[in-house]
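Coordinate analysis (summary)
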Amino acid sequence: MNFTPVRRTKNDISALFDLPLMDLLMQAQSVHRQHFNANEVQISTLLSIKTGNCPEDCGYCSQSGHHRDKTGLVAEKRMEIAKVIKEARRAKASGSSRFCMGAAWKHPSPKDMPYLVELIGEVKALGLETCMTLGMLQPEQAQTLAAAGLDYYNHNLDTSRNYYSQVTSTRSYDDRMQTLEHVRDAGINVCSGSIVGMGESRDDRIDWIFELTQMPLPPQSIPVNLLVPIKGTPLGDKVLSEGKLSVIEWIRTIAVTRICCPTSYVRLSAGRESLTDGEQALAFMAGANSFFYGDKLLTTGNQSQANDDRLMAELGLTAQKPTPKPKIINAMTGNDYRDEPCSLSA
Ligand code: SAM
Ligand code: DTB
Ligand code: SF4
């Protein structure tokens, strides 16, 4: 697949946002069809492997330790490997092709690395693609995860450089960019997206898409989250009192992302639970071709699997199969995982 970025100015991106919706959808759908089967979607399942008490202060997040007195979220220890694998088996059986594991960390600590390496090997041995989102990574950590076979690393820019200080104060936009560089340099596919509806302006959404087009390669996967306003978080409370952004603006953001990053997977992520069938169908029309499947995201709800199965059947969408991987080496033993019996029971 050709990942040549489409270079656009901020004015070009702004003009796309200004198009009448039908013209924008038409353009996004025709770009989409040049690169993808328009009736096929990539399906991932998410699991929180370490929940809550995060030292970062992201203003939208239920898992930040800074908001825990107000959100009441109960923190949990790192999940045992056998339990993670049980969930991965369940995801595979339900038709997901990728298993995404998220941890509420600023960054993984050295003692977490063998745990993460083992998880990657065990999940890949089930025939699933692997994705992790663990906070910031040092170059050696990215290389260790790459050597273990990690397929994707999720690390969102979340918004524009300008609005970032309104979102998080415990890290900078450049910290975020640096981890993306380490992930890219290690040869792991980049998954990096945004949250729409946090009180940012359209210019912030334009600037975020511009940042994507300026990367050496656009991310292979781009989640466009719609803020799930969580009571007790600063940005959740702001949106709950001032009102939510129009869903149509989120759909416009998906369409412009599709046009500017034509070969990337664009993912419907957080926020789908509150959407109607029609709104989701418009989002697919706008060029989204990936979504999270399963009743739960990390700490919040998602559309039920039964509802997603029904909607996919109604829309005539089919699930993409995982890309077969030739050889998977267990970094601990040096053996190919396909030759080893899985040590964990379901
Ligand atoms: N701690 C890691 C990090 O921040 O990179 C990984 C987990 S974090 C929860 C993953 C992403 O979920 C965030 O970057 C953000 O885009 C999204 N997210 C978290 N809470 C959300 C919310 N309430 N609504 C929408 N998206 C949210
Ligand atoms: C992403 O961009 N969205 C997912 C995934 N990457 C890790 C997370 C959504 C989290 C929604 C809020 C929650 O469930 O806590
Ligand atoms: Fe921590 Fe990630 Fe939540 Fe920020 S988004 S508070 S880094 S878990």
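Everything that follows concerns the structure shown earlier in this document.
This section reports on the structure supplied with the text.

About the criteria used
- Residues numbered from 1 in each chain as written.
- Chains lettered and ligands numbered in written order.
- Predicted model: local features only at pLDDT ≥ 70, side-chain atom pairs only at ≥ 80, totals over all residues.
- Heavy atoms only, no water.
- Helix = DSSP H or I, 4+ residues; strand = E, 2+ residues; numbered from the N terminus.
- Rg over C-alpha atoms; globule rule 2.2 N^0.38 Å.
- Buried < 20%, exposed > 50% of the residue type's maximum accessible area, 1.4 Å probe, protein only.
- Contact = heavy atoms within 4.5 Å.
- Lys, Arg positive; Asp, Glu negative; His and termini not counted.
- Charge placed at Lys NZ, Arg CZ, Asp CG, Glu CD.
- Arc of directions from axis to C-beta.
- Near = heavy atom within 4 Å.
- Polar contact = N/O pair within 3.5 Å; in protein donor to acceptor, adjacent residues only side chain to side chain.
- Areas by Shrake-Rupley, 256 points an atom, 1.4 Å probe, with all protein chains shown as cover.
- Nonpolar A, V, L, I, M, F, W, Y, C, P; charged D, E, K, R; others polar.
- Axes fitted to C-alpha atoms, helices over the stretch in contact; angles between N-to-C directions.
- Parallel < 35°, antiparallel > 145°, perpendicular 65-115°, else oblique.
- Left-handed = near helix turned anticlockwise from the far one by under 90°.
- Expected span 1.5 Å × (residues − 1).
- Core = buried A, V, L, I, M, F, W, Y, C linked by side-chain atoms within 4.5 Å.
- Salt bridge = Lys/Arg side-chain N within 4 Å of Asp/Glu carboxyl O.

Here's the deal with the overall build of the protein chain
Of regular secondary structure, the protein chain possesses 13 helices and 10 strands. In terms of overall size, the protein chain behaves like a compact globule, its C-alpha atoms giving a radius of gyration of 19 Å where 346 residues would be expected to give roughly 20 Å. Here the C-alpha coordinates of the protein chain stretch approximately 55 × 45 × 40 Å along the principal axes. By the burial criterion, 56% of the 346 residues in the protein chain qualify as buried. Counting contacts in the protein chain only where the partners sit at least 6 residues apart, residues at least 24 apart contribute 75% of the total. Taken together, the 37 basic and 39 acidic charged side chains of the protein chain have centroids lying 2 Å from each other.

Things to note about unusual backbone geometry
Phi is positive for N53, close to 55 degrees, though the residue is something other than glycine. With a phi angle near 70 degrees, D158 is a residue other than glycine that sits in the positive phi range. When you line up the elements, D158 lands in the loop between β4 (152-154) and α7 (164-167).

Section: helix α13 (residues 305-315)
Those residues of α13 that sit buried are D308, L311 and M312. One side of α13 carries all its buried residues, which in axial view fall inside an arc of 100 degrees. In α13, the exposed positions angled more than 90 degrees off the buried face are occupied by A306, A313 and E314. Looking at the buried residues of α13, the elements they touch are β1 (40-50), α12 (277-285), β9 (290-292) and β10 (318-319). Immediately downstream of α13, the backbone of G316 shows phi near 70 degrees, a positive value.

Some remarks on the site of ligand 2
Around ligand 2 sit 14 residues, and of these N156, N225, L298, T299 and T300 come closest. Here N156 contributes a side-chain N or O atom positioned 2.8 Å from an oxygen atom of ligand 2. N225 places a polar side-chain atom, nitrogen or oxygen, 2.8 Å from an oxygen atom of ligand 2. About the coverage of ligand 2: the protein hides 88% of its 410 Å² of free accessible area. Residue composition of the shell around ligand 2, by class: six nonpolar, eight polar and no charged.

A look at the site of ligand 3
Around ligand 3, the neighbouring residues are C54, E56, C58, Y60, C61, S64, A104 and R171. Per-class residue counts for the shell around ligand 3 are five nonpolar, one polar and two charged.

Brief notes about the side chain of S64
Note that S64 resides in the loop between β1 and α3 (68-71). Polar contacts involving the side chain of S64 include one to the main-chain carbonyl oxygen of E56, which spans 2.7 Å.

Let's talk about the packing of helix α5 (residues 113-125) against helix α6 (residues 139-148)
Axis separation between α5 and α6 bottoms out at 9 Å; the angle between their running directions is 25 degrees. The angle between α5 and α6 falls in the class roughly parallel. Classified by chirality, the crossing of α6 by α5 is right-handed. Mapping the contact onto sequence places M113, L116, V117, I120 and K124 in α5 and Q141, T144, L145 and A148 in α6.

Points about helix α11 (residues 247-260)
When the terminal C-alpha atoms of α11 are compared, their 20 Å separation across 14 residues agrees well with the 20 Å that a helix rising 1.5 Å per residue should span. For α11, the buried fraction is high: 12 of the 14 residues fall into the buried class. Turning to α11, its buried residues are E249, W250, I251, R252, T253, I254, A255, V256, T257, R258, I259 and C260.

Here's the deal with the nonpolar core
One finds I49, L145 and W250 to be the most contacted residues of the largest nonpolar core, which totals 76 residues. Setting aside anything within four residues of it in sequence, one finds W250 in contact with V196, V224, N225, L226, L268, L275 and A283. Judged by nonpolar contacts, the second largest core, of nine residues, contains C58, Y163, L227 and V239.

Some remarks on the pattern of salt bridges
Under the definition given, this model contains 17 salt bridges. For K10, the salt bridge identified is with D207, shortest N-O distance 3.4 Å. Taken together, the residues span a long stretch of sequence, with K10 in helix α1 (residues 10-18) and D207 in helix α9 (residues 202-214) at a distance of 197 residues. Classification of K10 by relative accessible area gives partly exposed; the value is 37%. For E211, the salt bridge is made with R161, and the minimal N-O distance between the two is 3.9 Å. Here E211, found in helix α9, pairs with R161, found in the loop between β4 and α7; they are 50 residues apart in sequence, far enough to count as distant. Here E211 falls in the buried class, since its relative accessible area comes to 16%. Ionic contacts of the salt-bridge type, sharing partners, join the residues D18, E200, R202, R205 and E249 into one network.

Distances and angles like these do not, on their own, reveal function.
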